Amino acid sequence: MSIKHTLLAGAALSLLVSNAYATEPEDCPPGEGGEQVLNVHTRQIQFGETHAREVIEAFEVGHAYGAAIGAGNLVTASAPQVDADSEQYLKASVSATAEGWIAFADGQVGLSATAAGNGITTAAVNGDLDLRSYQFAREHISVDATTRGLVKEADSVVASATTSVNAVQASAAHGDLYARSSQHSGASAEALTDIDVWSADTYAVAASTAAGNSAAYAVAYGDADIGVHQVQYGDAIAATTDLNVGAAQTAFASASAAANTLALDGSHGDARAQIGQQNTSDVAANSYLFVGDAIAGDAASVAMGVGNSAALFAYAGSMNAGLSQENFGAVNVASYLYGEVGGVASNAATAIGNAANFAVCANCGDATLTGQVTQYNAGPVHAFAGVNTHAAGHIVNTATAIGNTATFSMTQNGGSNH
């Protein structure tokens, strides 16, 4: 049989199979829905470099949206109940570049670049989530995202660059969440957003976010039990935003960089966590906002850098968490705002070696918060915030540098519906 006949036979078979399943599915009788469980084991190894690049060049358009996405290894698993086991190994660099060179846009111009080394996303609805994950990125590679461009005239402009070496996201609703995650990164990560906007009728926004290891967990109407170990030892984690705006109603620039981050959001259930974070990479976040003399409203520049960060929250439940944080890398953060602003000129730079935040909202019930935290910071922590303007309605300028910070809070709030 020839290749052509083989393809035709395959197409005919696919049509017969699709027609067999084309009938409208019937609703399950009440109480007879059965149990749906997704059991999955994945092992991914990426050896070759990955690069995505998009370019828009236009003289006159309505709206313009460009996105570049580069990734090494990705896993997505969702079902009523999930049991997942994942291993991911990144052995080569990943990058994404988004460019936009636009003269006139009647509507919005949106540009985004996203680079991910290893990523796993799992979700369970009306069932339990059981996740075991291991992510590794070797030394002397990088995960970079870059967004750059020029917009002469537009209604609004939004530009962003986001990068992460290892990332875990897991959520469960009406079920328990059990997760054990280990993340090791010897890679560097850099996010850069560099945008010039001559004139925007409403607003211009630019943001850059860089992360080494990140883990985020959420559970609603169920208990959470997580164990996480994060180690970042690449050269640097850096985020830089450079936004130049000639005229706009408002303008906002931000840069955020973190070596290790963890977040747990629990609702209507108890939360248990054991977390270890170690970082030897330098962390840098720099935000530059240059505005002309035609910013009628507010303008703000914000930069945030942290070696290790853990934020845990429980609503209508108790929390028992242990946390160990060690930071040996330098954390350097700077935010600059230049130009005339008709409204409020806000500028803030925050640099932290280790940060921990434990919070419980009892919702007018019984709840306890038990936290054990050990923090060690040996890296220098520097923050600089500078405003240079000929005229502004108001100026708010803040620079904050902290070696170690831990916050514990309990509240009662019967009116909340988290």
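We now turn to the structure provided with this report. (Residues numbered from 1 in each chain as written. Predicted model: local features only at pLDDT ≥ 70, side-chain atom pairs only at ≥ 80, totals over all residues. Heavy atoms only, no water.)

Here we look at the environment of threonine 50
Along the chain, the position of threonine 50 falls in strand S2 (residues 50-61). Linking threonine 50 and glycine 117, residues 67 residues apart in sequence, is a C-alpha distance of 9.4 Å. For threonine 50, the residues in contact, after removing those within four places along its chain, are Ala71, Ser93, Val94 and Ser95. (Helix = DSSP H or I, 4+ residues; strand = E, 2+ residues; numbered from the N terminus. Contact = heavy atoms within 4.5 Å.)

Structural notes on the layout of surface pockets
The calculated volume of the largest pocket comes to roughly 230 Å³. Lining the largest pocket are 16 residues; nearest its centre among them are Gly119, Thr121, Ser164, Ala167 and Gln169. Its residues placed into classes, the lining of the largest pocket shows 7 nonpolar, 9 polar and no charged. (1 Å grid on protein atoms, 1.4 Å probe; cavity = no way out; pocket = protein on both sides within 12 Å on 5 of 7 lines; lining within 4 Å. Points joined across faces, edges and corners; volume = space filled by probe spheres on them. Nonpolar A, V, L, I, M, F, W, Y, C, P; charged D, E, K, R; others polar.)

Observations concerning the sheet that holds strand S1 (residues 37-46)
Strand order in this open sheet of 8 strands is S1-S4-S7-S9-S11-S14-S17-S20, and the pairing throughout is parallel. A single partner strand is all that each edge strand has here, and the edge strands are S1 and strand S20 (369-377). Direction aside, neighbouring strands of the sheet carry axes that sit 0 degrees apart on average. (Pairing = 2+ DSSP bridges. Axes fitted to C-alpha atoms, helices over the stretch in contact; angles between N-to-C directions.)

Some points on the environment of threonine 147
Locating threonine 147 in the fold gives a position in strand S8 (residues 142-173). On the basis of relative accessible area, threonine 147 is assigned to the buried category, the value being 0%. Counting along the chain gives 110 residues from threonine 147 to valine 37, while the straight-line C-alpha distance between them is 41 Å. In this view, threonine 147 contacts Ala98, Leu111, Ser112, Ala113, Ala159, Ser160, Ala161, Leu192, Thr193, Asp194 and Ile195; residues no more than four positions away in its chain are not counted. Polar side-chain contacts of threonine 147 include one of 2.7 Å to the backbone oxygen of serine 160. (Buried < 20%, exposed > 50% of the residue type's maximum accessible area, 1.4 Å probe, protein only. Polar contact = N/O pair within 3.5 Å; in protein donor to acceptor, adjacent residues only side chain to side chain.)

Some thoughts on the pattern of salt bridges
Where charged atoms from two side chains of opposite charge approach closely, those side chains can pair. The tally for this structure, following the rule as stated, stands at 7 salt bridges. For the salt bridge of glutamate 99 with arginine 53, the shortest nitrogen-to-oxygen distance reads 3.1 Å. With glutamate 99 in strand S5 (residues 94-105) and arginine 53 in strand S2, this residue pair connects regions lying 46 residues apart in the sequence. By relative accessible area, glutamate 99 is classed as buried at 9%. Look at the salt bridges and you will find they share partners, linking Asp83, Asp85, Asp130 and Arg132 into a network. (Salt bridge = Lys/Arg side-chain N within 4 Å of Asp/Glu carboxyl O.)

Considering the packing of aromatic side chains
Overall, the coordinates contain 8 aromatic pairs when judged by the stated rule. With 5.0 Å between their ring centres and 5 degrees between their planes, tyrosine 288 and tyrosine 336 make a pair best called stacked. Of this pair, tyrosine 288 sits in strand S15 (residues 282-295) while tyrosine 336 sits in strand S18 (residues 331-338), placing them 48 residues apart in sequence. Here the aromatic rings of phenylalanine 290 and tyrosine 338 are separated by 5.1 Å at their centres, their planes lie at 5 degrees, and the arrangement is stacked. One end of the pair, phenylalanine 290, is in strand S15; the other, tyrosine 338, is in strand S18, and 48 residues separate them in sequence. Judged by its relative accessible area of 30%, phenylalanine 290 falls in the partly exposed class. One aromatic cluster is present, built from ring pairs that chain together Tyr288, Phe290, Tyr336, Tyr338 and Phe384. (Phe/Tyr/Trp six-rings, centres within 6.5 Å; stacked < 30°, edge-to-face > 60°.)

Looking at the pairing of S18
If a strand is regular, its side chains alternate between the two faces of the sheet. Most of S18 is tucked away, with 6 of its 8 residues classed as buried. One ladder, built from 8 bridges, connects S15 with S18; its direction is parallel. Bridging from a neighbouring strand, tyrosine 288 pairs with tyrosine 336 of S18. Of the pairings in the sheet, the one linking S18 to strand S21 (residues 381-388) comprises 8 bridges and is parallel in character. Considered in S21, the bridge of valine 331 is made with valine 381.

Topic: the side chain of glutamine 183
When you line up the elements, glutamine 183 lands in strand S9 (residues 177-185). Relative accessible area serves as the criterion here: at 0%, glutamine 183 is assigned to the buried category. A distance of 2.8 Å separates a polar atom in the side chain of glutamine 183 from a polar atom in the side chain of glutamine 230. Setting aside anything within four residues of it in sequence, one finds glutamine 183 in contact with Gln135, Asn166, Ala167, Val168, Asn213, Ser214, Ala215, His229, Gln230 and Val231.

Focus on the nonpolar core
Across soluble globular proteins, nonpolar side chains have a tendency to be buried as a group. With 35 residues, the main nonpolar core has Leu177, Tyr217, Ile226, Leu262, Leu312 and Met319 as its most contacted residues. Residues within four places of methionine 319 in sequence aside, it is in contact with Ala271, Leu312, Phe313, Ala314, Phe358, Ala359, Val360, Thr368, Leu369 and Thr370. Counting residues in each nonpolar core, the second largest holds 32 residues, with Val94, Ala115, Ala285 and Ala385 among its members. (Core = buried A, V, L, I, M, F, W, Y, C linked by side-chain atoms within 4.5 Å.)

Thoughts on unusual backbone geometry
A positive phi is found at asparagine 126, a non-glycine position, where the angle reads about 65 degrees. Tracing the chain through its elements places asparagine 126 in the loop between strand S6 (108-125) and strand S7 (129-137). Using a relative accessible area of 57% as the deciding quantity, one classes asparagine 126 as exposed. The residue tyrosine 221 is not glycine, and still its phi comes out positive at about 60 degrees. Topologically, tyrosine 221 is positioned in the loop between strand S10 (188-220) and strand S11 (224-232).

Honestly, it's all geometry; don't read function into it.
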